[in-house]
Amino acid sequence: MTTEPPPNDPIMSLWSNAIASTVHPDFNTGPAIPFIQLDRFLELADKADFKVEGKRCMDYGCGQDRTFSIATLLYLLGSESVVVIDTLPPNDESILAKSVWYLLAVLALDTSALKLKPSYQNQIIKTRIFDFDLDALKQGYLYDGLPNTIKLYTGDYHSLAEEIGELDTIVSNSVFEHDPKIETTLKIFRKYLHQDGCIYTDIDYRDHRMYVSGLSPWQYLIDDSDVSPNYINKIRTTEMHNIIHNADFNIAALSQISTPPIQEVIDQFLPKYQNLHNHDINILQDTLLLK
């Protein structure tokens, strides 16, 4: 099977990237991203002895371009239901439908795209693939192709929490640092999360302009830029951990990415950031499981 897409075909390019991601786990384009994100969740969940089979799950801040990717993977692992929620509606539904189809196609070929523990049965994944209408997805009909236990909500979780109801696990990737009411959000999560449930989150403390403009991960500590509403990832790890504990959550498992800046960068920090502890300067990402 060739992995070279036809020229100027973004959908086939996505398929090519998906195939490549099963061979190169660090490949960070297209469907590889939800694979990597879910791998992180599974690694921490294993440390906390938590599994998603039979659980009611939510992807909080699912995004417009990969709206159902994490939800699809959670469903394949045996979850009872999956809610996806974002403040904005998804982008092109036809593209999303085909993206889900490609994810399913990759996993039908080789479930090694996910770093599954032996206790996860690959046969369950391959059986659950057929709960999706593969023909509808391939033709671009998103909602006709999804199982009815995967549901999309658009809007503010604060106002939708009661309607969504109790959850067993919440997955959220690089969202908490942008939520201007994150402590309130966590307290609502606490209210509706089952007592044995968990929250998985990646929290990215880098200046997100680095991803599009090549700026330093600490640039907003130099120019104090807010760039756009809710661009608030100047929050640092100590403050975030305090917010988590204030919302009555414990950190059940944690991994961090730490990189110290060179002194020349630190010397450019604005006076109000000069006294940050090295821990808060150096930690660029938290990956947490909260219970």
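Worth saying up front: this structure is predicted, and the values here are computed from it rather than measured.

1. Let's talk about the overall build of the chain
Counting its secondary structure elements, the chain contains 14 helices and seven strands. A sequence separation of at least 24 residues applies to 77% of the contacts in the chain between residues at least 6 apart. If you sum the accessible surface of the chain, you get close to 13,700 Å²; carbon and sulfur atoms cover 49% of it.

2. What to know about the confidence of the model for the chain
Model confidence for the chain is summarised by a mean pLDDT of 84, while 85% of its residues fall at 70 or above. Confidence drops under a pLDDT of 50 for residues 1–15, and excluding neighbours within four residues, the segment shows 20 contacts in the predicted structure. Predicted confidence is poor over residues 21–31, with pLDDT under 50, and the contacts of this stretch with residues over four places away or in other chains come to 21 contacts.

3. Some thoughts on the sheet that holds strand 1 (residues 56–60)
One open sheet holds the seven strands; their spatial order is 3-2-1-4-5-7-6, and the pairing between them is mixed. Of all strands in the sheet, those bounded by a partner on one side alone are strand 3 (150–154) and strand 6 (251–258). Pairwise comparison of adjacent strand axes, ignoring direction, gives a mean angle of 15° for this sheet. As paired strands, strand 4 (residues 167–173) and strand 5 (residues 193–204) are joined by six bridges and run parallel to one another. What sits directly across from I170, in strand 5, is I199.

4. So, the pattern of salt bridges
Tallied over the full model, the rule gives nine salt bridges. For the salt bridge of K51 with E53, the shortest nitrogen-to-oxygen distance reads 3.9 Å. On the accessibility criterion, K51 (26% relative accessible area) is partly exposed. Several salt bridges converge on common partners, so that one network encompasses R56, E166 and D168.

5. A short note on the environment of N246
Residue position: N246 is located in helix 12 (residues 237–246). Spatially, the C-alpha atom of N246 lies 8.5 Å from that of K187, the residues being 59 residues apart in sequence. Setting aside chain neighbours within four positions, we find N246 in contact with E183 and K187.

6. Considering the side chain of S79
Note on placement: S79 falls in the loop between helix 3 (69–76) and strand 2 (81–86). Its relative accessible area of 0% is what places S79 among the buried residues. Separated by 3.1 Å, the side chain of S79 and the backbone oxygen of L74 make a polar contact. In contact with S79, other than residues within four places in its own chain, are V52, E53, G54, K55, C57, L74 and R128.

7. So, the packing of aromatic side chains
Taken as a whole and judged by the stated rule, the model has nine aromatic pairs. Pairing Y60 with F189 gives two aromatic rings, centres 5.2 Å apart and planes at 90°, and the pair type is edge-to-face. In this pair, Y60 is assigned in strand 1 and F189 in helix 9 (residues 182–192), connecting sequence segments 129 residues apart. Ring-pair connections join several aromatic residues into one group, and the members of that group are Y60, Y157, F176 and F189. The cationic tip of K55 hangs over the ring face of F50; the distance from NZ or CZ to the ring centre is 5.3 Å. It is R128 that lies over the ring of Y75; its NZ or CZ is 4.2 Å from the centre.

8. A closer look at the environment of P34
With respect to the helices and strands, the residue P34 is situated in helix 2 (residues 32–47). P34 gets classed as buried once you look at its relative accessible area, which sits at 1%. Look past the residues within four positions of P34 in its chain and what remains in contact with it is R66, S69, I70 and L73.

Conventions and cut-offs
Residues numbered from 1 in each chain as written. Predicted model: local features only at pLDDT ≥ 70, side-chain atom pairs only at ≥ 80, totals over all residues. Heavy atoms only, no water. Helix = DSSP H or I, 4+ residues; strand = E, 2+ residues; numbered from the N terminus. Contact = heavy atoms within 4.5 Å. Areas by Shrake-Rupley, 256 points an atom, 1.4 Å probe, with all protein chains shown as cover. pLDDT = per-residue confidence, 0-100. Pairing = 2+ DSSP bridges. Axes fitted to C-alpha atoms, helices over the stretch in contact; angles between N-to-C directions. Salt bridge = Lys/Arg side-chain N within 4 Å of Asp/Glu carboxyl O. Buried < 20%, exposed > 50% of the residue type's maximum accessible area, 1.4 Å probe, protein only. Polar contact = N/O pair within 3.5 Å; in protein donor to acceptor, adjacent residues only side chain to side chain. Phe/Tyr/Trp six-rings, centres within 6.5 Å; stacked < 30°, edge-to-face > 60°. Lys NZ or Arg CZ within 6 Å of the ring centre and 35° of its normal.

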